[in-house]
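Breakdown of the fold
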Amino acid sequence: MLFPSTLVAGAFAKAFAPIPPEPIWDWADRNVWLAGNEAAEPGPYRSAKTPWARSIQTLMGTPWHQIYDWSGERWITVALKEINVMKSSQSGFTEAVLNAIRFSAQYRPKNVIYTVDTRETARDISNRLLPSLQKLDGGDIFTGDDHDLGTFVMRLRAMDIWFQGSFSMGKFASKMAPIVVSDESEEQGSDRTDTSTDTALKSRKKTADSGLFVSICKPKRRRGPIHRGFLRGDQQAFMVKCPACAYWQPLTFWRNQDQAEPLESAFAEPADLDAPPTPLARGTTRTLITGRLVFEHCKDLLGNWDKLRVSRETYYECGNCRSAIEEFQKPALLASARWIPTAHGDPGVVSQHINDLYSTDANSAWGALVLDYLARIREGRRELQGFFNHALGLPWSDEVNKTSDRDILTNIAGHAIYRIDSPGEGGYTTRKIFTTEVAATAAAAGLTAKGLTPVIVSSICPPYQRGTIPVPGCTLILGSDVGGNYAKWVIGAVMPNMEDIAIVDWGTEIDPDAVAEIFLGSTWLCPTNGKKYGASAGFMDAK
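Residues numbered from 1 in each chain as written. Predicted model: local features only at pLDDT ≥ 70, side-chain atom pairs only at ≥ 80, totals over all residues. Heavy atoms only, no water.

Our next topic: the overall build of the protein. Along its length, the protein carries 14 helices and 27 strands. Counting only residues that meet the buried cut, the protein has 45% of its 543 residues in that class. In the protein, the proportion of contacts linking residues at least 24 apart, taken out of those at least 6 apart, comes to 68%. Roughly 26,900 Å² of accessible area belongs to the protein as shown, and the carbon and sulfur atoms make up 53% of that amount. (Helix = DSSP H or I, 4+ residues; strand = E, 2+ residues; numbered from the N terminus. Buried < 20%, exposed > 50% of the residue type's maximum accessible area, 1.4 Å probe, protein only. Contact = heavy atoms within 4.5 Å. Areas by Shrake-Rupley, 256 points an atom, 1.4 Å probe, with all protein chains shown as cover.)

Nonpolar side chains collect at one region of the surface, where Val490, Ile501, Ile503 and Trp506 lie side by side and expose about 370 Å² of accessible area between them. As for its placement among the helices and strands, Val490 is situated in strand S23 (residues 487–494). The class of Val490 is partly exposed, set by a relative accessible area of 31%. (Patch = residues over 30% accessible without salt bridge, like charges linked within 9 Å, V, L, I, M, F, W, Y side chains within 5 Å. Salt bridge = Lys/Arg side-chain N within 4 Å of Asp/Glu carboxyl O.)

Within the structure shown, the criterion is met by 19 aromatic pairs. An angle of 65 degrees between the planes, with centres 5.5 Å apart, marks the rings of Phe238 and Tyr358 as edge-to-face. Separated by 120 residues along the polypeptide, Phe238 in strand S11 (residues 236–241) and Tyr358 in the loop between strand S17 (349–353) and helix H10 (366–379) bring together distant segments of the chain. With a relative accessible area of 2%, Phe238 lands in the buried category. Looking at Tyr358, the relative accessible area reads 2%, which means it is buried. Members of the aromatic cluster, connected to one another through ring pairs, are Phe253, Trp254, Phe295, Trp305, Tyr373, Phe387, Phe388 and Trp396. A cation over a ring is seen here: Arg119 above Phe152, with NZ or CZ 4.2 Å from the ring centre. (Phe/Tyr/Trp six-rings, centres within 6.5 Å; stacked < 30°, edge-to-face > 60°. Lys NZ or Arg CZ within 6 Å of the ring centre and 35° of its normal.)

Attention now goes to the sheet that holds S23. What the four strands build is an open sheet, ordered S24-S23-S22-S27; its pairing is mixed. Where the open sheet ends on each side, the last strands, each with one partner, are strand S24 (501–509) and strand S27 (537–541). Mean inter-strand twist for the sheet, computed between neighbouring axes without regard to direction, equals 15 degrees. As paired elements, strand S22 (residues 475–482) and S23 share eight bridges and run antiparallel to each other. Following the sheet pairing, Ile477 is matched in S23 by Gly492. Docked against the sheet, helix H14 (residues 512–521) engages S22, S23, S24 and S27, running at close to 180 degrees with respect to S22. (Pairing = 2+ DSSP bridges. Axes fitted to C-alpha atoms, helices over the stretch in contact; angles between N-to-C directions.)

On to unusual backbone geometry, then. Residue Ala158 is not a glycine yet carries a positive backbone phi of 60 degrees. Assignment of secondary structure puts Ala158 in the loop between strand S7 (153–156) and strand S8 (159–164). Given the relative accessible area of 64%, Ala158 is considered exposed. A positive phi angle, near 50 degrees, is found at Gln235, a position not held by glycine. For Gln235, the location among the structural elements is in the loop between helix H7 (225–232) and S11. By relative accessible area, Gln235 is classed as buried at 13%.

Turning our attention to the nonpolar core. Counting 78 residues, the largest nonpolar core has Ile56, Tyr114 and Phe253 as the members making the most contacts within it. Here this core takes nine residues from helix H4 (residues 93–107), the largest share from any one element. Ile56 has contacts with Ile83, Val85, Phe93, Ala96, Val97, Val214 and Ile216, leaving out every residue within four places of it along the chain. (Core = buried A, V, L, I, M, F, W, Y, C linked by side-chain atoms within 4.5 Å.)

The next point concerns the packing of H10 against helix H11 (residues 381–391). Remark: H10 packs on H11, axes separated minimally by 7 Å, with the N-to-C direction vectors making an angle of 150 degrees. As judged from the angle between their axes, H10 and H11 are roughly antiparallel. Taking contact as the criterion, the partners of Leu369, Asp372, Tyr373, Arg376, Ile377 and Glu379 in H10 are, on H11, Glu383, Leu384, Gly386, Phe387 and Ala391. In terms of residue class, the contact of H10 with H11 is made up of six nonpolar, one polar and four charged. (Parallel < 35°, antiparallel > 145°, perpendicular 65-115°, else oblique. Nonpolar A, V, L, I, M, F, W, Y, C, P; charged D, E, K, R; others polar.)

Two elements in contact, helix H2 (residues 24–31) and H4, have axes whose closest approach is 10 Å; the angle formed by their N-to-C orientations is 80 degrees. Of the possible angle classes, the one that applies to H2 and H4 is roughly perpendicular. Residues Ile24, Trp27 and Ala28 of H2 lie in contact with H4, whose contacting residues are Asn99, Ala100, Arg102, Phe103, Gln106 and Tyr107. Here the residues of the contact of H2 with H4 sort into six nonpolar, two polar and one charged.

With that out of the way, let us pick up the pairing of S8. Burial analysis of S8 places six of its six residues in the buried class, the great majority of the element. Side chains Met159, Ile161 and Phe163 project from S8 onto one buried face, and the interleaved Asp160, Trp162 and Gln164 project onto a second face that is buried too. Sheet topology note: the strand S6 (residues 112–115)/S8 ladder contains four bridges and is parallel. Looking at S8, one finds that Tyr114 is bridged to Phe163.

Take the state of the cysteines next. Under the definition given, this model contains zero disulfides. Of all cysteine sulfurs in the structure, the one in Cys321 sits closest to Cys245, which takes part in no disulfide; the separation is 3.7 Å. On the accessibility criterion, Cys245 (28% relative accessible area) is partly exposed. (Disulfide = S-S within 2.5 Å.)

Another aspect to go through is the pairing of S17. Regular strands place side chains that alternate from one sheet face to the opposite one. Burial of S17 is extensive: five of the five residues sit out of reach of the surface. Both strand S5 (residues 82–86) and S17 contribute to a ladder of five bridges, which runs parallel. Its bridge partner lying in S17, Val85 is registered against Gln352. Sheet topology note: the S11/S17 ladder contains two bridges and is parallel. By the bridge assignment, Ala237 is partnered in S17 with His353.

Structure representation (structure tokens):
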């Protein structure tokens, strides 16, 4: 087959052309122009506006990262295979990834698969990329044939870019590319008979040399695709330095309530940031005390939120020295901020998390975020989930509670307990149990300061013997679990407040029919009124 001499010459020229030594984001600052009809802010690309998005461009240009070799007890450099960014809405990561594609088209052509949530969005991304490539073109990016520039396929010199807006694996089953990008994968859904979008995309780069998979996505649910990808990586946080005490910390909406003091101070000095963090014990995650947005003082004389004050007076409180960091100081914080790993991830996997607290857009000012949060609380769980996903870049789970030995001992009959259900900082509802009213009241005051309306539920069950009902007015329910050679059962008494359950009786039988006989024929005494009661309802979990 014969090729036009211009194509051959262009291919050789591109193959041996020197690659600019600066990072991709630096090159983009000088060369990328964003068209007005597609870009959020038309004009020259400015990485200073989203400095957290510089790292992904550097990684895509030089796909290597450091991991700890436990056998050799040293840090080593390995090839980067996967980048997972769990992001908020105002993050700029889409443009950052497009910069890496622009740089590749200019200097080192390689095929790209880019998939988003809908075909319409795919069309928008394609239309967003093309004008910027045309401004870069010095005659060696495009083939010269306008038919090669389709909406969903761009055929450049020695490089094809496929844009997909469907989650069906069939769209890219026959394609292979060294770079595969999944943008908003959790919006793309999945088929019952199909693998997930990310899994399908990874298979398209598996056989390509130096293949790189990039996922940038707002999370929806805990353990969703992007959350799992984040946990697989080194879980980098974008750290800023407190102007008052020089303590490095990520910006978070709430303080980490589980830590009274920092677990370590390895990042207190800038010198510590020039090398990877001190290795942690295997299976552990680096946790630093974080700060919070302070706005509880912005109320009127009647105790209602003063929205003007919230928008003007909300500030960030340092997690270490508790000093106030004002909104106008945010650009200075970002100028020196940097990504720091907080875990030992899988080899070849880098993961990052970013939220809107870092954004310098007016709509993402700290006061504006608080007003959005307060409004969503009033709207209910669905709107609050949207705040966690879109503004904080955090996954949501309806409820996560862990039962400890202490919880069981606390619930012994005769002990008064106080509990509060409230949204947790990680995007899920938690139940906190207290043994004193003073502790519960103090916790409720802290939640009220965050704009929540906690309700303290107190309960006390009088001491009682096994096989008896503690108080009159209870409803008995039988629950049973049937295994291979056993049938375990328990009788619970739902207390009159419809909140508490007392364990009345339990046992193990060898025959599920015996459990049915217990349900139908057994009664239990309530010593207070001398009456006996049977179970009103029951359920059995059997294979």
